[in-house]
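Here is what each chain is made of, one letter per residue.
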Amino acid sequence: MAMELDWDRLNAIFKPRQDILDGIKRCAETPGKVALFNEIASHVHAKLADGGEPDAKRRKVQAGPATANGAANGGGGGGAAAAGNPADDEVLLCVKEISVSVPQRKKFELCLTQNFLYARAPGTTVPIQGMVYAWTDIDFAFYLPVPEKAQVQHNYILFPRGSTIPPKSGPAVEPLVFTVPATAPKEGTIGGSEAGTAAAVSDTYKGLFHWAFSRRLRAAGNTDVSIVSSDPSKFHSMVRQPHRPNEKAVHVGGFRGSKDGYLFFLENGILWGFKKPLIFIPLRRIAAVSYTNILQITFNIVVEVFPEEGGSGGGGGDGDANDEYEFGMVDQQDYGGIDDYVKRNGLQDRSMAEQRKGKLQLAENKAKKGADGEAADGAAGDGMTELERAALGEDLDDDEDEEDYDPGSDDGSDGSGESSDDDDDDDDDDDGPGEDDEDEEGEGEGEEEEEEEEGGEQGPGLSIR
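Described below are features of the structure shown in this document. As the structure is a computational prediction, the values presented were derived from the model and not from experiment. (Residues numbered from 1 in each chain as written. Predicted model: local features only at pLDDT ≥ 70, side-chain atom pairs only at ≥ 80, totals over all residues. Heavy atoms only, no water.)

### Points about the overall build of the chain
Link 1 in the chain: Within the chain, the secondary structure is distributed over twelve helices and 16 strands.
Link 2 in the chain: When each of the 465 residues of the chain is scored for burial, the buried share is 39%.
Link 3 in the chain: Within the chain, contacts between residues at least 6 apart in sequence are counted, and of these 57% link residues at least 24 apart.
Link 4 in the chain: Entry remark: accessible area of the chain is about 25500 Å², with carbon and sulfur atoms responsible for 48%. (Helix = DSSP H or I, 4+ residues; strand = E, 2+ residues; numbered from the N terminus. Buried < 20%, exposed > 50% of the residue type's maximum accessible area, 1.4 Å probe, protein only. Contact = heavy atoms within 4.5 Å. Areas by Shrake-Rupley, 256 points an atom, 1.4 Å probe, with all protein chains shown as cover.)

### Here's the deal with the state of the cysteines
Link 1 in the chain: According to the stated counting rule, one finds zero disulfides in the structure shown.
Link 2 in the chain: Free of any disulfide, C94 has its nearest cysteine sulfur in C111, 3.8 Å distant.
Link 3 in the chain: A relative accessible area of 5% means that C94 is categorised as buried. (Disulfide = S-S within 2.5 Å.)

### Regarding the pairing of strand β5 (residues 138–145)
Side-chain direction in a regular strand flips from residue to residue, so the side chains alternate between the two faces of the sheet.
Link 1 in the chain: In terms of burial, β5 is largely enclosed, as seven of its eight residues are buried.
Link 2 in the chain: Taken together, the seven bridges between β5 and strand β6 (residues 153–160) define a ladder with antiparallel strand orientation. Looking across to β6, one finds that L144 is bridged to N155.
Link 3 in the chain: Summarising the sheet, β5 and strand β9 (residues 227–229) pair through three bridges and their orientation is parallel. From the neighbouring strand, Y143 faces β9, where its bridge partner is S229. (Pairing = 2+ DSSP bridges.)

### Some thoughts on the nonpolar core
Link 1 in the chain: Core analysis: the largest hydrophobic core is formed by 31 residues, its most contacted members being I98, Y156, L176, F178, F209 and F213.
Link 2 in the chain: Looking at this core, the elements with two or more residues in it are β1 (93–102), β2 (106–112), β3 (116–120), β4 (127–134), β5, β6, β7 (176–181) and α6 (205–219).
Link 3 in the chain: Ignoring anything within four residues of it in the chain, the contact list for Y156 reads F142, Y143, L176, V177, F178, V180, Y205, K206, F209, H210, F213 and I227.
Link 4 in the chain: Grouped together as the second largest cluster of nonpolar side chains are 25 residues, L263, I279, I294 and V330 included. (Core = buried A, V, L, I, M, F, W, Y, C linked by side-chain atoms within 4.5 Å.)

### Here's the deal with the packing of helix α1 (residues 7–14) against helix α2 (residues 18–27)
Link 1 in the chain: Following both chains from N to C, one finds α1 and α2 inclined at 150°, their axes separated by 9 Å at the closest point. Of the possible angle classes, the one that applies to α1 and α2 is roughly antiparallel. At the point where α1 passes α2, the crossing takes the right-handed sense. Only Q18, I20, L21, I24 and K25 of α2 make contact with α1, whose side of the interface consists of W7, L10, N11 and F14.
Link 2 in the chain: Of the residues assigned to the contact of α1 with α2, the class counts are six nonpolar, two polar and one charged. (Axes fitted to C-alpha atoms, helices over the stretch in contact; angles between N-to-C directions. Parallel < 35°, antiparallel > 145°, perpendicular 65-115°, else oblique. Left-handed = near helix turned anticlockwise from the far one by under 90°. Nonpolar A, V, L, I, M, F, W, Y, C, P; charged D, E, K, R; others polar.)

### Examining α6
Link 1 in the chain: Taking 1.5 Å per residue, 15 residues should reach 21 Å; α6 reaches 21 Å between its end C-alpha atoms and fits that length.
Link 2 in the chain: Downstream of α6 by one or two residues, G221 has phi in the positive range, about 80°. (Expected span 1.5 Å × (residues − 1).)

### Observations regarding the packing of aromatic side chains
Link 1 in the chain: Counted by the stated rule, this structure contains 21 aromatic pairs.
Link 2 in the chain: Taken together, a centroid distance of 6.3 Å and an interplanar angle of 80° make the contact between F178 and F213 edge-to-face. With F178 in strand β7 and F213 in helix α6, the pair connects residues that are 35 residues apart, well separated along the chain. A single burial state applies to F178 and to F213, both of which are buried.
Link 3 in the chain: Between F265 and Y341, the aromatic rings sit 5.2 Å apart at their centres with planes inclined by 70°, giving edge-to-face as the arrangement. Note that F265 is positioned in strand β11 (residues 259–266) and Y341 in helix α7 (residues 335–344), a separation of 76 residues in sequence.
Link 4 in the chain: Residue F265 is classed as buried on the basis of its relative accessible area, which comes to 8%. (Phe/Tyr/Trp six-rings, centres within 6.5 Å; stacked < 30°, edge-to-face > 60°.)

Here you go:
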């Protein structure tokens, strides 16, 4: 007699999932597979009888919110995480076809319940591991424009406690980042028991999510969190946007290491996004800001951060050194706006601290100056900022280049790498009539045409730059 599937147990376990039952039926084509399915059914059924639900499912639900909120990773969640299984909560609002970029880049359904916000795959009812957020654990919320897009789009960024600054070691608690267009939600993409109420605010995704998030945060007692947006009247970039030239950019482009990204100078702190790892530094944790690696076109920003929330003065209180986060290749055009932001928020500028004096990139003949140290000491007390001195230095250096320029001098080099023997040969070639011409022209500023004639005598290695 052929072995048959134990449909009583299979139906008891997978009754809500007809797709799984159909898959088992299709795959149970050999006695060995039938026996395996029956063993699995027997094991799961026994676990359900002992504890009410499978161990794997119980671990997943418990670990999901804890990991997201930082408790499992020592992130210092601070608040009490909501208890219970998110999948058991009634879905008050479900928005489909949402493009999520962090923690995972994929389209999900976002579900809002009384206690949780979570993402799930389309057509399923189980929250995605690591994408479950208790309302009581949300620490910061933002609504910011997506840079360098021809069509207007915005990102929602929700930081749970312990996720604003990535840890130096161990697994990181990740925020939730998803993108919405400026258009209204598509028909049929909004569900849940509060879908009817939400219809009144669903003219745009912004209206929908601002209403829903604010409503759920207040209901959970998390009244300290509000959705922060960028304000062009308080900070905007001076760099023109080629894709939307009539719109002021509220971000500043830069690099952190080899990764490019964008800095947002907001009313409650500085945000770096939108690639992993995202960083948000609240104003209360910023110890100082410095400008370094000042070049002709770009400079770097170093933000010194207290190691603990609520730190002041010396930092963590136990001798812990402050952490530093450097953002490079920032356009010099944005220095004025960034410096105004630093001053307006009462942040300390440590650019001229003895251990971090900005390196001025002046003209090529800087090495010829013998008193670089004295010039730096004299500049320290002139009341000018580091970038202003750099800009002034470039103008002065252009004048010095003109004064130092001698068309008859052999000191310059065009980088051809010729040896001194070749130079001697050139000098011998110049001992003819060509040298008289050079002496006559050397008394004045020199004409380029005459110099080019000498270049014919000297050979192809030299040129006037």
